[in-house]
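An overview of the molecular structure
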Amino acid sequence: MVSQTPRPASTGGSARAWRDALVTVVAGFAAMTAVAAAGLACAGIGDLPEGAFPHVLGAVVVMAAGGSVEMSGDAGLLGGVDANLAVLPLSVSLAGALVAGYCFLRPLRNRAVAGPRELVGRAVPLVVLWLLALVGAALLSRQDFGISTGDPAVAVIGELLDSAPTVGFRADVPATLLFGLLWILGLMVIALLVSRRAPLPAGLVRFHTAVRPAAFATTLLLFTYVVIGVVVGLVVAAAQGNAGRTLAVVLLGLPNLVWIALTLGFGGSWEALVEGAFGLPMPQLLDEVLRDADGAPVDVASLAARDPRAWWLVVVAAVLLLGTGVLAAVRSPAHVRPWQHALHLGAAFALATLAVCLLCRIEAAYGLSLLGIGEVDALGGELLLDPVLWRTVGLGLLWGAVAGFLGGVLARRLHRRGRVDAPASTQTHG
């Protein structure tokens, strides 16, 4: 039998690597644009004047891809406008990440080992084209709007002084490139860690057992919460009649809500402040609790004080985390001990909790002051949602470790001898 010499791996200079990268970028941005456009349409943004919809859409895509959008305002001689917005539309981000991650891994599938040169050769074209597309979206992301104070007297003065207040947004291109680079690099790393069929450099294959089962199980846990959120959102949209607002939440910020619910379920807490009429779409119960918090930490007990059904968040978190521990153990070799499962899943879930805390935090504020008489109440507001980091991440580590240990014990008792495929390069072929 004549052995065949394998084809050399693709490198960053090959036309095939650049073609695959182009497909990945186009597919990723198309997915984000479609989800963002649907969400904005459900939120009523399509009715904005001056052809603003494409510019708002570009800004949402930029933020979803890790970019930065700055708010600005001007009231001329009347006074000042102060605005800022820091929020990540995670539904849009997740859509782009799933599509781009799949396209990135597809040419690499079914091989356990890949040289660093090949992986770098695949990564470089993707990073370059991704950042170019992000610059294009950032250049589109700029718009100014005239606003009405609702006060006829102030409006007349503003017209006489030609100082009508305006508010607008601009993408910060340097910051967008920096954070966009971190976003796409992080996506590639996570994709390689989670997928069993994606190749690793030979020197990292020995970490396969410790990292990949726990990383996959933790990622699946986060996706499970999103799926549950989608089902609940569709039921609410059908039952309560306010379908547009509910679908806007699902299409723009569902992971922001359900992943916060996960952290609340295992005992985490978030500092919250909501003032004025300004805010982002969210369930009524959460809006009421945040307004009552006035900067104090919010946890599951705060929600349960208004609606006892909130205690179900603890039950759901406990059941799904235990399932995560069992799944991680089943996908690991049978020789891995329960304390090792605890270590692996504890570390993975703590890192996932840290990522959730950083990605789901919200800071939004808008204020208009006129003629030195203070802010106009109807045009001012603030929304702040910030994790109590040490408590939330610490409890994530603890719950992950307990779930990993119990999962390892249950997997042994069920005689489920989990198995991770051996690297193809280390198998002996007859």
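The structure under discussion appears in the preceding block.
Along each chain, numbering runs from 1 in the same order as the chain's sequence is written. Where local features are concerned, this predicted model is filtered to residues with pLDDT of at least 70; where side-chain atom pairs are given and counted, the filter is 80 or more; whole-chain, interface and lining totals use all residues. Each side-chain value is worked out from all heavy atoms of the structure, with water and hydrogens disregarded.

**Observations regarding the pattern of salt bridges**
Salt bridges are defined by distance alone: a side-chain nitrogen of Lys or Arg within 4 Å of a carboxyl oxygen of Asp or Glu. Going through the model one piece at a time under the given rule, you end up with six salt bridges. As a salt-bridge pair, Asp299 and Arg391 come within 3.7 Å of each other at their nearest N and O atoms. Placement of Asp299 in the loop between β6 (297-298) and α10 (300-306) and of Arg391 in helix α13 (residues 389-413) is noted, with a sequence separation of 92 residues between them. Look at Arg391 and you get partly exposed, because its relative accessible area is 29%. Between Asp307 and Arg309 there is a salt bridge; the shortest N-O distance is 2.8 Å. A run of H or I in DSSP counts as a helix once it spans at least four residues, and a run of E counts as a strand once it spans at least two, with each numbered from the N terminus. Whether a residue is buried, partly exposed or exposed follows from its accessible area with a 1.4 Å probe, protein chains only, as a fraction of its type maximum: under 20%, in between, or over 50%, in that order.

**Here we look at empty space enclosed by the protein**
Cavity means a closed set of points on a 1 Å grid over the protein atoms alone, one where a 1.4 Å probe fits but cannot get out, pocket means an open set with protein on both sides within 12 Å along at least 5 of 7 lines, and lining means a residue has an atom within 4 Å of a point. Grid points are joined across faces, edges and corners, and a volume is the space filled by probe spheres set on the points. Per the counting criterion, the structure on display carries two cavities of 30 Å³ or more. Taken as a whole, the largest cavity encloses approximately 60 Å³ of empty space. In terms of lining residues, the largest cavity is bounded by Ala17, Asp20, Ala21, Thr24, Cys103, Phe104, Pro107, Arg122 and Leu126. Those elements giving two or more residues to the lining of the largest cavity turn out to be α1 (15-42), α3 (90-105) and α4 (116-140). Here the element with the most residues in the lining of the largest cavity is α1; it accounts for four residues.

**A few points about the packing of helix α8 (residues 243-265) against helix α11 (residues 312-330)**
Only the stretch in contact is used when a helix axis is fitted, and all axes are lines through C-alpha atoms; the angle between N-to-C directions ranges over 0 to 180 degrees. At their nearest, the axes of α8 and α11 sit 8 Å apart, and the two run at 90 degrees to each other. As far as their axial angle goes, α11 and α8 are roughly perpendicular. Across from Ala261, Leu262 and Gly265 in α8, the residues of α11 making contact are Leu313, Val314 and Ala317. Among the residues making up the contact of α8 with α11, the classes are represented as five nonpolar, one polar and no charged. Orientation categories follow fixed angle ranges, with anything under 35 degrees roughly parallel, anything over 145 roughly antiparallel, 65 to 115 roughly perpendicular, and all other angles oblique. Contacts between residues were defined by any pair of non-hydrogen atoms, one from each residue, lying within 4.5 Å. Gly counts as polar in this scheme, as do all residues outside two lists: the nonpolar Ala, Val, Leu, Ile, Met, Phe, Trp, Tyr, Cys and Pro, and the charged Asp, Glu, Lys and Arg.

**Points about a nonpolar patch on the surface**
Patches were defined on residues exceeding 30% relative accessible area and lacking a salt bridge, with like-charge contacts within 9 Å and nonpolar side-chain contacts (Val, Leu, Ile, Met, Phe, Trp, Tyr) within 5 Å. In this description, accessible areas are obtained by the Shrake-Rupley approach with a 1.4 Å probe, and a residue is regarded as covered only by the protein chains that are shown. A contiguous nonpolar patch, built from Leu322, Trp339, Leu343, Leu398, Val402, Phe405, Leu406 and Leu410 and spanning about 740 Å² of accessible area, is present on the exposed surface. Where the nonpolar patch is concerned, the elements lending two or more residues are α12 (338-360) and α13. By residue number, the principal contributor to the nonpolar patch is α13, which donates five residues. Positionally, Leu322 belongs in helix α11. Residue Leu322 is classed as partly exposed on the basis of its relative accessible area, which comes to 31%.

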